[in-house]
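One-letter residues, chain by chain:
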Amino acid sequence: MSTKHSKAAEAYLQDDAVVTRHDQTFFGVRQKRDRMAQALPEWEDLREAASQIKKHTETHLADYLEQFEQQTVKNGVHVHWANDAEEYNRIVFDILSSHQVKKVVKSKSMLTEECHLNGHLEAKGIEVIETDLGERILQMMKLAPSHIVMPALHVHREDIGDTFRRLIPDFDEIAKSYKPQDPHDPNDPTFLTYVARMHLRQQFAKADAGMTGANFGIAETGDVVVCTNEGNADMSTSIPKLHIVSMGIEKLIPNYQAMGVFQRFVARSGTGQETTVYTSHFRGPRPGGEMHIVLVDNGRSEIIGNPEHWQTLKCMRCGACMNTCPVYRRSAGYSYTYFIPGPIGVNLGMLRDPHKYYDNVSGCSLCCSCDNVCPVKVDLSTQVYRWRQELDSLGHADPMKKMMSNGMSFLFNHPALYTTALRLSHVVNWMPGALVNMKLNPWAYGHEMMKFPKKSFHQIWKEEKL
Amino acid sequence: MRIGLFIPCYVDALYPEVGVSTLRLLRSLGLDVDYPERQTCCGQPMGNAGFEKKAVLLAKKFDELFSPYDYVVAPSASCAAYVRCFHPHLLGSHEAQKQCATSEKTMDLVEFLHDVIKVKSLHARFPHKVSIHNSCHGVRELGLSSPSERNIPKFNKIIDLLKLVDGIEIVEPERPDECCGFGGMFAVEEQAVSARMGLEKVRRHIATGAEYVTGPDSSCLMHMQGVAQKQGLDIKFIHVAQILSAGL
């Protein structure tokens, strides 16, 4: 009885120190979030308002999308519609190639991960540089993100230092310009950040185009709002003349009043900051420049019509559910087979392709903590429960679990048989430990076997006339 | 007021003393308690494992068996929560499209004593230091305490009741409502993560210096006890009903 997630988690759990560090790091973020939540008396009202705004927008999405398009066109922006990942990749490539772009700087976007844009562009000879520090580190190390907001938090600074020394051509030159000069730790975080900053400045200066994602699209004004902590979205769009925004259609909100609600608590939820360091509003192209927005569906409009799972569309990708998830904290991002891990990732993976990503559905103890941190009240654990009900008809039910469930159901539906079984259950106690604790008994992996009492409550009730 | 006592399957088989304590406690408060003998299981183990269809008939039988009572009381937060939160959906999916008569009146023991009976004094004595185990479904489905994630006034109904016990010292571990990793079949399907969560939870309980871990859910206690014994960790586990009835 195991899944790809449970096996990968078991392998990850072999290194106690790594697991402890991972768990404590992300629980620390959860605690920062809690302090922020406690400091705002209107916290629960904000959650309800945000949930209602998202519900309203998702259920009137066609209208808001048209309004958004009209506004953006009025603002001098080119709007493109992509039905799926393939069309999206083609549109982006066409825009880039028609502008003879050789090098693109990109600020963080989970949508481009979802559509595998980088690989597509690189295969066609366009150099793509991630400019979010975490994403850049992962790109250089050829690793995938292990968290949607803090993608490289699991990477150790020694490995980052080695990677920079190996892959940044003018590393030594940059290092020489670092004040204070040596002696310093070669992997000092401030030093490494300085190296990254200098390295990225060169990339911004040389790029032909800048790409950003979108945290919010405001229908009333046609604004695109991007939240970063490093200002890299602004750098990506300040030097190159061409700006391409990639935006999932579910990112829309109606107006600035709604934006005020989200601005107040999206960063508080995700990273425990009062706000992100930069909240950038893009309304139109720079003088002499061009701005394009690609609106991507890629399965989203299917989800709106799914009564059991439409709420996932409310998600803002803040990462709060991952930080609180006791399973995510102890199994880490790479144990999941979908590129988004944790509670929201389990659900989004199933919506993407249940036959490919069903292995993650086991990674939930149904503790419901995620439901209570989610700033837009996505019913995450209920959705995991629902997906589990689907596994059998999808042909992915675990045979042992199925057998056990059938057996239990039969026993519990026959009270006389159940009572007899109870009377015999203490026989288990007489079996030698080795037999009970054998490999076939998955309970024995982490537990000493329980002792069955001589009499069940049923028997005591009957025999002792309680 | 007639109370139907619901002793969930695993409590029945493994922890009959918890059932006996619950019965004694309720009777000591002058309540009319009956135990319908044809009861078995609420269906949660199948539901959480992904086979809730196998639980539909059980939910129907549960509803028929317990609907004559004014309240259904169970010494198990998770099972009471399954009846409360999931049985209406199970019965609705049944061909009879039945309304669920018992979901609202099925309560965990702590909830029942705190909210319905509003117990203000007990004759129990338990001169020990106990660490509270706030089990997930008790906290987040039944509202036995304020979830640590939420910005709402702090409360804890388990602690309110235990404070009525003479001689007791009550503490809570760090991360007071983080999951212990049981989760039904989660414990066997994700055994490595489950065991790790259990071990950390037990260590946090031990770090309080308590002699006992107590809570409203024998399933969490069973999981943590199994982990503690396997790891040779020294702490005892006791259901909250046993403390509230200590000395009766």
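Asker: Which parts of the structure should I look at to understand the overall build of chain B?
Answerer: Summing up its helical and strand segments, chain B has twelve helices and eight strands in all. Its C-alpha atoms give chain B a radius of gyration of 17 Å, within 12% of the compact-globule value 18 Å for 248 residues. Along the three orthogonal principal directions, the C-alpha set of chain B runs to about 55 × 45 × 40 Å. Here chain B holds 248 residues, and 62% of them are scored as buried.

Asker: What am I meant to see in the pairing of strand 7 (residues 242-248) of chain A here?
Answerer: The two faces of a sheet get side chains in turn, since along a regular strand they alternate between them. Residue and element names in this part refer to chain A. Taken across its seven residues, strand 7 has seven buried, putting it largely inside the fold. Judged by which residues are buried, strand 7 turns out to be covered on both faces: L242, I244, S246 and G248 on one side and H243, V245 and M247 on the other are all buried. Across four bridges, strand 4 (residues 209-212) lies against strand 7 in parallel orientation. In the sheet register, G210 faces strand 7, and the bridge partner there is H243. In this structure, strand 7 lies alongside strand 10 (residues 290-296), joined through seven bridges in parallel fashion. Across the sheet, S246 pairs through a bridge with V294, a residue of strand 10.

Asker: In this structure, what is going on with the interface of chain A and chain B? I would like to understand it.
Answerer: Quite often, the size of an interface is put as the accessible area lost when its parts meet. Taken together, the contacts link 61 residues of chain A with 55 residues of chain B. Classifying every residue of the side of chain A that touches chain B by side-chain character gives 29 nonpolar, 21 polar and eleven charged.

Asker: Hey, could you run me through the domain arrangement of chain B in this one?
Answerer: Residue and element names in this part refer to chain B. Examined at the domain level, chain B breaks down into domain 1 (2-117) and domain 2 (129-244). Put simply, the middle of domain 1 and the middle of domain 2, counted by C-alpha atoms, are 21 Å apart. Contact with domain 1, which involves 27 residues of that partner, is made by 23 residues of domain 2. The set of elements that each furnish at least two residues to the side of domain 1 that touches domain 2 consists of helix 1 (9-14), helix 2 (16-28), helix 3 (44-49), helix 5 (77-93) and helix 6 (109-117). At six residues, the largest contribution of residues to the side of domain 1 that touches domain 2 is made by helix 5. Here the residues of the side of domain 1 that touches domain 2 are counted per class, giving 16 nonpolar, seven polar and four charged.

Asker: Help me understand the domain arrangement of chain A, please; the structure alone is not making it clear to me.
Answerer: Residue and element names in this part refer to chain A. When cut into domains, chain A gives domain 1 (4-30 + 319-394), domain 2 (40-155 + 208-300) and domain 3 (415-463). A straight line from the C-alpha centre of domain 1 to that of domain 2 covers 24 Å. On the side of domain 2, 21 residues touch domain 1, which itself brings 18 residues to the contact. When contributions to the side of domain 1 that touches domain 2 are tallied by element, the ones reaching two or more residues are helix 2 (16-39), helix 15 (320-324) and helix 17 (342-352). It is helix 2 that contributes the most residues to the side of domain 1 that touches domain 2, three residues altogether. Of the residues contributing to the side of domain 1 that touches domain 2, the split by class is twelve nonpolar, four polar and two charged.

Asker: Looking at this structure, how should I read the sheet that holds strand 6 (residues 169-171) of chain B?
Answerer: Pairing between the strands of a sheet comes from backbone hydrogen bonds, and it takes one of two forms, parallel or antiparallel. All names here are of chain B. Strand order in the open sheet formed by four strands is 6-5-7-8, and the pairing between neighbours is parallel. Each edge of the sheet is formed by a strand with only one pairing partner; in this case those strands are strand 6 and strand 8 (236-239). The mean inter-strand angle of the sheet, taken between neighbouring strand axes irrespective of direction, is 35 degrees. Pairing between strand 5 (residues 129-132) and strand 7 (residues 212-215): three bridges, direction parallel. By the bridge assignment for strand 7, I132 is matched with T214.

Asker: Please explain the environment of T237 of chain A as it appears in this structure.
Answerer: Residues and elements named next belong to chain A. Secondary-structure assignment places T237 in helix 12 (residues 232-238). Note: C-alpha distance between T237 and T163 (74 residues apart in sequence) is 27 Å. Setting aside its immediate chain neighbours within four residues, T237 contacts G210, T212, H243 and F282.

Asker: Sorry, what's going on with the sheet that holds strand 2 (residues 32-34) of chain B here?
Answerer: Residue and element names in this part refer to chain B. Taken in spatial order, the four strands of this open sheet run 2-1-3-4, and their pairing is parallel. If you trace the sheet from one side to the other, it starts and ends with strand 2 and strand 4 (106-108), each paired once. Put simply, the sheet's adjacent strands are angled 35 degrees from each other on average, direction ignored. The pairing of strand 3 (residues 71-74) with strand 4 spans three bridges and is classified as parallel. If you follow V72 over to strand 4, its bridge partner there is T106. Across the face of the sheet, helix 6 comes into contact with strand 3 and strand 4 while running at roughly 100 degrees to strand 4.

Asker: Would you mind showing me how to read the packing of helix 4 (residues 56-66) of chain B against helix 5 of chain B here?
Answerer: Helix-helix packing is characterised by the crossing angle of the two axes and by the distance between the axes. All names here are of chain B. Running from amino to carboxyl end, helix 4 crosses helix 5 at an angle of 110 degrees, the nearest separation of the two axes being 9 Å. When the axes of helix 4 and helix 5 are compared, the pair comes out roughly perpendicular. The segment helix 4 lies against helix 5, with V56, A59, K60, F62 and D63 engaging V83, H87, L90, L91 and S93. Its residues assigned to classes, the contact of helix 4 with helix 5 comprises six nonpolar, two polar and two charged.

Asker: Explanation requested: helix 4 of chain B in the structure shown.
Answerer: Along an α-helix, residues three or four positions apart point the same way, because every turn accommodates 3.6 residues. Those residues of helix 4 of chain B not exposed but buried are V56, L58, A59, F62, D63 and F66 of chain B. Burial along helix 4 of chain B is one-sided: seen end-on, the buried residues are contained in an arc of 160 degrees. Along its buried surface, helix 4 of chain B packs onto helix 21 (399-412) of chain A together with strand 1 (2-5), strand 3 and helix 5 of chain B.

Asker: I'm lost on the nonpolar core in this one. Help?
Answerer: The nonpolar side chains of soluble globular proteins are, as a tendency, buried together. With 187 residues, the main nonpolar core has V104, V294 and C321 of chain A together with V73, M224, I243 and L244 of chain B as its most contacted residues. When residues of this core are assigned to their parent elements, the largest contribution, nine residues, is made by helix 5 of chain B. Among residues more than four places away in sequence, those in contact with V73 of chain B are I3, L5, F6, L26, M107, L109 and F112 of chain B. Core analysis: the next-biggest nonpolar cluster, separate from the first, contains eleven residues, L138, F164, I174 and V195 of chain A among them.

What counts and what doesn't
Residues numbered from 1 in each chain as written. Chains lettered and ligands numbered in written order. Predicted model: local features only at pLDDT ≥ 70, side-chain atom pairs only at ≥ 80, totals over all residues. Helix = DSSP H or I, 4+ residues; strand = E, 2+ residues; numbered from the N terminus. Rg over C-alpha atoms; globule rule 2.2 N^0.38 Å. Buried ≥ 20, exposed ≤ 12 C-beta atoms within 10 Å, placed from the backbone. Pairing = 2+ DSSP bridges. Contact = placed C-beta atoms within 7 Å. Nonpolar A, V, L, I, M, F, W, Y, C, P; charged D, E, K, R; others polar. Domains from an automatic or database assignment. Axes fitted to C-alpha atoms, helices over the stretch in contact; angles between N-to-C directions. Parallel < 35°, antiparallel > 145°, perpendicular 65-115°, else oblique. Arc of directions from axis to C-beta. Core = buried A, V, L, I, M, F, W, Y, C linked by C-beta atoms within 7 Å.

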